[in-house]
Amino acid sequence: MSGSGGFARLRRAGLRAARTLVRRARRSHPLTLIMLLGVTVAISALSLFLPSLIPTAALTIPLLLGGLLLRFKPLVVLTFIALVLGSYVMSERAAGLPKIGFVVTLGVVGWIVLTGAKVRSRLGVQGSRGESMLFELREILTAQGDLPHLPAGWRAEAAIHPAGGQSFSGDFVVAATRGEDQLEVALVDVSGKGIDAGTRALLLSGAFGGLLGVVPVEEFLPAANHYARRQDWDDDFATVVHVAIDLRTGEFEVRTAGHPPAIQFDAWSGRWTTRDAEGPLLGLVETPEFAVNKGQLKLGDALFLYSDGMVETPRRDIGLGTDRLAGHAERLVAHGFEGAAEELVVEIGGPGDDSAIVVIHRQTHPSEVATGSCPGTTRNQPSTRRRTAMVRTRTN
């Protein structure tokens, strides 16, 4: 037992020393270059005198490490010396062994490593720091979509599913509260998908998040449009659905900019209503006008904001897709729409397009749940299913 304990302590000490060495190497590029040059010379010497134990191909190891730890110019020096030493070692090999092929292979590896380092040097990062930055930016974009804590009686959920299982999405959500009485949510869909759309989404999410809850409700979309036009994008644009809800009365205002309309579930009638509000795409018109659609969320009602990836496919238009979304959401009424956002985005989100949805539910008062006076919102409601009815309303 004492022997195994001593080995474990030795292993931990070795790992700590290795981490310390890597941190120092990343901070001091001359020291890193000297160390990697020493490793290169050592591998070359061992490969020359002990060819059966140390293959010359081991020279690719310091090259790959240099690609992670060195900047471009020191990496050029390391690559050149590795090629010279590798060529010398191969020239001393016995006749008949492949020589030129190895030197060419080593040169190709060096070229690949240098190309990657040059791209990273343009960004001012080195090694895996570029990938770490992308991961951090993705986390920032996700964090900006976190919905704020709401007072008792309200629940809000959001879910985003990037196209093709990618890490970045062109759809994002920003939300803010004004005091304790008003909630604002904007669901934005940037043209394109994947990393290209994700970079624009990151740019817009920071700007739109700064506008939301600060500028007057009716000025949010005009201000967002002004910012989008300042980017001077050629063919890129964004669509938005923006809702402001009075958390005391449930009254809300919906405005859209080229986006699919919000849909509202009425718990008392069991009907689904589209909240159409016409408005142009963001970034295309200099002085657009955005109509408003007003309504109210009563106890048990819910409001759904969603992107076109949830309802539109090459074989199905938005109208049919909206009916399909309402039909799937109808099954979640009995559970008070708990977990509805994640379930819906997984079940009906289009695999070839980014999908996003926000569900805002005004929960039934506990006393009414006990008496069952509000149909369609409690877990102990009768199992009888209502037939989904879709009513389309225009701008008020």
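Student: Help me understand the packing of helix 3 (residues 60-69) against helix 4 (residues 72-91) in this model?
Tutor: Running from N to C, helix 3 and helix 4 point in directions that differ by 175°, and their axes come no closer than 10 Å. Taken as axis vectors, helix 3 and helix 4 run roughly antiparallel relative to one another. For the pair helix 3 and helix 4, the contacting residues are Pro62, Leu63, Gly66 and Gly67 in the first and Leu75, Leu78, Thr79 and Ala82 in the second.

Student: Help me out: how do you make sense of a nonpolar patch on the surface in this one?
Tutor: Taken together, the side chains of Ile100, Val104, Val108, Trp111 and Ile112 define a hydrophobic patch exposed on the protein surface, amounting to about 550 Å² of accessible area. Relative to the elements of secondary structure, Ile100 occurs in helix 5 (residues 100-123).

Student: Just to check I follow, could you spell out the packing of aromatic side chains for this structure?
Tutor: The relative placement of two aromatic rings is captured by the distance of their centres and the angle of their planes. The final tally for this structure, using the stated rule, is seven aromatic pairs. Between the aromatic rings of Phe172 and Phe208, the centroid separation amounts to 6.4 Å while the plane-to-plane angle is 40°, which identifies the pairing as tilted. Of this pair, Phe172 sits in strand 2 (residues 171-178) while Phe208 sits in helix 7 (residues 194-211), and the two are 36 residues apart along the sequence. Since its relative accessible area comes to 1%, Phe172 is described here as buried. Arranged with centres 5.5 Å apart and planes meeting at 75°, the rings of Phe304 and Phe337 form a pair that is edge-to-face. Of this pair, Phe304 sits in strand 9 (residues 302-306) while Phe337 is found in the loop between helix 9 (318-330) and helix 10 (340-348), placing the two residues 33 residues apart along the sequence. Summarising the burial analysis for this pair, Phe304 and Phe337 share the class buried. Here the aromatic residues Phe265, Trp272, Phe304 and Phe337 are joined through ring pairs into a cluster of three or more.

Student: Even after reading the chapter, I still don't get the packing of helix 9 against helix 10, so can you show me in this structure?
Tutor: Axes are the key here: two packed helices are described by the angle between their axes and the distance separating the axes. It is the contact of helix 9 with helix 10, at a shortest axis distance of 11 Å, that shows an interaxial angle of 130°. Between helix 9 and helix 10, the interaxial angle falls into the category oblique. Relative to helix 10, the crossing made by helix 9 is right-handed. On helix 10, the residues that touch Arg324, Leu325, His328 and Ala329 of helix 9 are Leu344, Glu347 and Ile348.

Student: Honestly, the pattern of salt bridges in this entry has me stumped. Any pointers?
Tutor: For the structure on display, the rule yields seven salt bridges. The residue Arg178 makes a salt bridge to Glu184 at a minimum N-O spacing of 2.5 Å. On the accessibility criterion, Arg178 (24% relative accessible area) is partly exposed. Residue class for Glu184 comes out buried when judged on its relative accessible area of 1%. When the shortest N-O distance is used, the salt bridge between Glu253 and Arg255 registers 3.0 Å. Residue class for Glu253 comes out partly exposed when judged on its relative accessible area of 24%. Through salt bridges with shared partners, a single ionic network connects Asp181, Asp246 and Arg248.

Student: Help me understand the sheet that holds strand 8 (residues 293-296), please; the structure alone is not making it clear to me.
Tutor: Strand pairs in the sheet, formed through backbone hydrogen bonds, run parallel or antiparallel to each other. Read from one edge of the open sheet, five strands run 2-3-4-5-8, paired in antiparallel fashion. Whereas interior strands pair on both sides, the edge strands pair on one side only; in this sheet they are strand 2 and strand 8. Across this sheet, the average inter-strand angle for adjacent strands is 15°, counted without regard to direction. Sheet topology note: the strand 2/strand 3 (residues 182-190) ladder contains eight bridges and is antiparallel. Within the sheet, the bridge partner assigned to Thr177 lies in strand 3 and is Leu183.

Scoring rules and cut-offs
- Once a new chain begins, its residue numbering starts again from 1 and follows that chain's sequence as written.
- Per-residue local features are limited, in this predicted model, to residues with pLDDT of at least 70; the limit for side-chain atom pairs, both in listing and counting, is 80 or more; totals at the level of whole chains, interfaces and linings are taken over all residues.
- Note that water and hydrogens are dropped before the side-chain values are worked out from all heavy atoms of the structure.
- Here, axes are lines fitted to C-alpha atoms. For helices the fit covers the stretch in contact, and angles between N-to-C directions go from 0 to 180 degrees.
- A run of H or I in DSSP becomes a helix once it reaches four residues, and a run of E becomes a strand once it reaches two; helices and strands are each numbered from the N terminus.
- Here is the rule for angles: anything less than 35 degrees is roughly parallel, anything more than 145 is roughly antiparallel, 65 through 115 is roughly perpendicular, and the remaining ranges are oblique.
- The criterion used for residue contact is that any of the two residues' heavy atoms lie within 4.5 Å.
- Residues form patches when they are more than 30% accessible in relative terms and have no salt bridge. Like charges link within 9 Å. Nonpolar side chains (Val, Leu, Ile, Met, Phe, Trp, Tyr) link within 5 Å.
- For the accessible areas, the method is Shrake-Rupley and the probe is 1.4 Å, while residue cover comes only from the protein chains on display.
- Definition used for salt bridges: Asp or Glu carboxyl oxygen within 4 Å of a side-chain nitrogen of Lys or Arg.
- Two aromatic rings, drawn from Phe, Tyr or Trp (for Trp, its six-membered ring), form a pair once their centres lie within 6.5 Å of each other, and the interplanar angle then sorts them: stacked below 30 degrees, edge-to-face above 60, tilted otherwise.
- Exposure is judged per residue with a 1.4 Å probe applied to protein chains only, and the accessible area is read against the type maximum: over 50% gives exposed, under 20% gives buried, and values in between give partly exposed.
- The handedness criterion is simple: a crossing whose near helix is rotated anticlockwise from the far helix by less than a right angle is left-handed, and one whose near helix is rotated clockwise is right-handed.
- Strands qualify as paired when DSSP identifies two bridges or more between them.

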